[in-house]
Amino acid sequence: MASFIDPLIAFVSAHAGLAYLTLFLAALLEAVPIVGSVIPGSTIIFALSALVPGGELRLEWVLLAAVAGALLGDGSAFWIGHRAQREILNAWPLVNYPRVVAQSEAFFHRWGALAVFFARFVPPIRAFVPVTAGALGMSPPMFYAVNIPAVLLWAPAHVLPGVLAVSALHRYGGFAPHAGLAKHYWMLLVIGGALIVALVVWAIRRRHGGGLIEPAPPRKKG
């Protein structure tokens, strides 16, 4: 793993713009239905935040990339649902995922406008609630009034833990700021944690015969 992280840190140091673009796309794709359920956007943001204390990336630009990606992703999904109305929920590819669409609708009906706020912090529902909110007739002003504060809280919640963890390792763990070891520990922790969570989710889905985002079985002809 270290042989992978070392070139990554070196590459980011030389191409910071691509790192910010990666952060932007990770946040954006998490809001895309179906795609956002499998893209490890949060893991990417958590891991790359470790590069802020050493100076490879700047905190303000990391936060800006995450906020911009999340706002564009959520907003695009909402407007697609707003324009298509309920037809979008019965169209491809959402029609192949009736369970998660039903859960998104139930989540929205239970919490109302607050569903947009809460969903930003609850994968994989956050990939479906914006389009569902639009499809169920939520007004654009109400959507943005809830979504913007949610994103402004979500981005620091994903970026600052990595910054603070690596900074603490530098300060209290005896690691030099540019030694790279603190970044390695944080990235390994995040990647390892994500793999463990993925394995646990897979095991639960396998045990219960399907998961939250499993597609519906194909319909029999005739």
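Quick caveat: nothing in here was measured; it's all calculated off a predicted structure.

1. What to know about the packing of helix 2 (residues 16-29) against helix 5 (residues 59-84)
How two helices sit against one another is set out by the angle between their axes and by the gap between those axes.
Move 1: Look at helix 2 against helix 5: their axes get within 7 Å of each other, and the N-to-C directions meet at 35°. Where helix 2 crosses over helix 5, the handedness of that crossing is right-handed. Between helix 2 and helix 5, the contacting residues are Y20, L23, F24, A27 and L28 on the first element and W61, V62, A65, A66, A68, G69, A70, L72 and G73 on the second.
Move 2: Here the contact of helix 2 with helix 5 is composed, by residue class, of 12 nonpolar, two polar and no charged.

2. Section: the environment of V38
Move 1: Counting through the fold element by element, V38 comes out in helix 3 (residues 35-38).
Move 2: Under the relative-accessibility criterion, V38 is labelled exposed at 57%.
Move 3: For the pair V38 and A127, spaced 89 residues apart in sequence, the C-alpha to C-alpha distance is 9.7 Å.

3. Here's the deal with the nonpolar core
Move 1: The biggest cluster of nonpolar side chains holds 24 residues, and the ones touching the most others in it are L94, V116 and M138.
Move 2: Secondary structure elements with two or more residues in this core: helix 5, helix 6 (98-111), helix 7 (114-119), helix 8 (129-135) and helix 9 (140-172).
Move 3: Not counting chain neighbours up to four residues away, the residues in contact with L94 comprise P33, I34, I88, L89, V101, F128 and V131.

4. Overview of the pattern of salt bridges
Move 1: Taken as a whole and assessed by the stated rule, the structure comprises four salt bridges.
Move 2: Two residues, E30 and R126, come together in a salt bridge whose shortest N-O distance is 3.0 Å. With E30 in the loop between helix 2 and helix 3 and R126 in the loop between helix 7 and helix 8, this residue pair connects regions lying 96 residues apart in the sequence. R126 carries the same exposure label as E30, and that label is buried.
Move 3: Here E60 ties to R58 by a salt bridge, and the two come within 2.6 Å at their closest N and O atoms.
Move 4: By relative accessible area, E60 is classed as partly exposed at 42%.

5. Description of unusual backbone geometry
Move 1: One non-glycine residue, I34, adopts positive backbone phi at about 70°.
Move 2: With respect to the helices and strands, I34 occurs in the loop between helix 2 and helix 3.
Move 3: In this structure I34 comes out as buried when scored by relative accessible area, which is 17%.
Move 4: You will see that Q85, though not glycine, has its phi angle at about 60°, which is positive.
Move 5: Along the chain, the position of Q85 falls in the loop between helix 5 and helix 6.
Move 6: The exposure class assigned to Q85 is partly exposed, which follows from its relative accessible area of 34%.

6. A short note on helix 6
Move 1: For helix 6, with 14 residues, the first-to-last C-alpha span of 20 Å sits near the 20 Å given by 1.5 Å per residue.
Move 2: Taken residue by residue, helix 6 has V100, V101, S104, E105, F107 and F108 as its buried positions. For helix 6, the arc enclosing every buried residue in end-on projection is 160°, short of the 170-degree limit, so these residues lie on one face. Exposed side chains of helix 6 directed beyond 90 degrees from the buried face belong to H109 and R110.
Move 3: Lining the buried residues of helix 6 we find helix 7 and helix 8.
Move 4: G112 occupies a position one or two residues after helix 6 and carries a positive phi of about 65°.

7. Looking at the packing of aromatic side chains
Move 1: In this structure the tally under the stated criterion is seven aromatic pairs.
Move 2: Ring geometry for F78 versus F143: centroids 4.2 Å apart, planes at 10°, classification stacked. Of this pair, F78 sits in helix 5 while F143 is found in helix 9, placing the two residues 65 residues apart along the sequence.
Move 3: A relative accessible area of 0% means that F78 is categorised as buried.
Move 4: Taken together, the ring pairs connect F78, W79, F143 and Y144 into an aromatic cluster.
Move 5: Over the face of the ring belonging to W154 we find R120, whose NZ or CZ atom lies 4.6 Å from the ring centre.

8. Points about a nonpolar patch on the surface
Move 1: The grouping of F11, L18, L21, L25, L29 and V35 at the surface amounts to a nonpolar patch, some 460 Å² of accessible area in total.
Move 2: Its location among the elements puts V35 in helix 3.

Definitions and cut-offs
- Residues numbered from 1 in each chain as written.
- Predicted model: local features only at pLDDT ≥ 70, side-chain atom pairs only at ≥ 80, totals over all residues.
- Heavy atoms only, no water.
- Axes fitted to C-alpha atoms, helices over the stretch in contact; angles between N-to-C directions.
- Helix = DSSP H or I, 4+ residues; strand = E, 2+ residues; numbered from the N terminus.
- Left-handed = near helix turned anticlockwise from the far one by under 90°.
- Contact = heavy atoms within 4.5 Å.
- Nonpolar A, V, L, I, M, F, W, Y, C, P; charged D, E, K, R; others polar.
- Buried < 20%, exposed > 50% of the residue type's maximum accessible area, 1.4 Å probe, protein only.
- Core = buried A, V, L, I, M, F, W, Y, C linked by side-chain atoms within 4.5 Å.
- Salt bridge = Lys/Arg side-chain N within 4 Å of Asp/Glu carboxyl O.
- Expected span 1.5 Å × (residues − 1).
- Arc of directions from axis to C-beta.
- Phe/Tyr/Trp six-rings, centres within 6.5 Å; stacked < 30°, edge-to-face > 60°.
- Lys NZ or Arg CZ within 6 Å of the ring centre and 35° of its normal.
- Patch = residues over 30% accessible without salt bridge, like charges linked within 9 Å, V, L, I, M, F, W, Y side chains within 5 Å.
- Areas by Shrake-Rupley, 256 points an atom, 1.4 Å probe, with all protein chains shown as cover.

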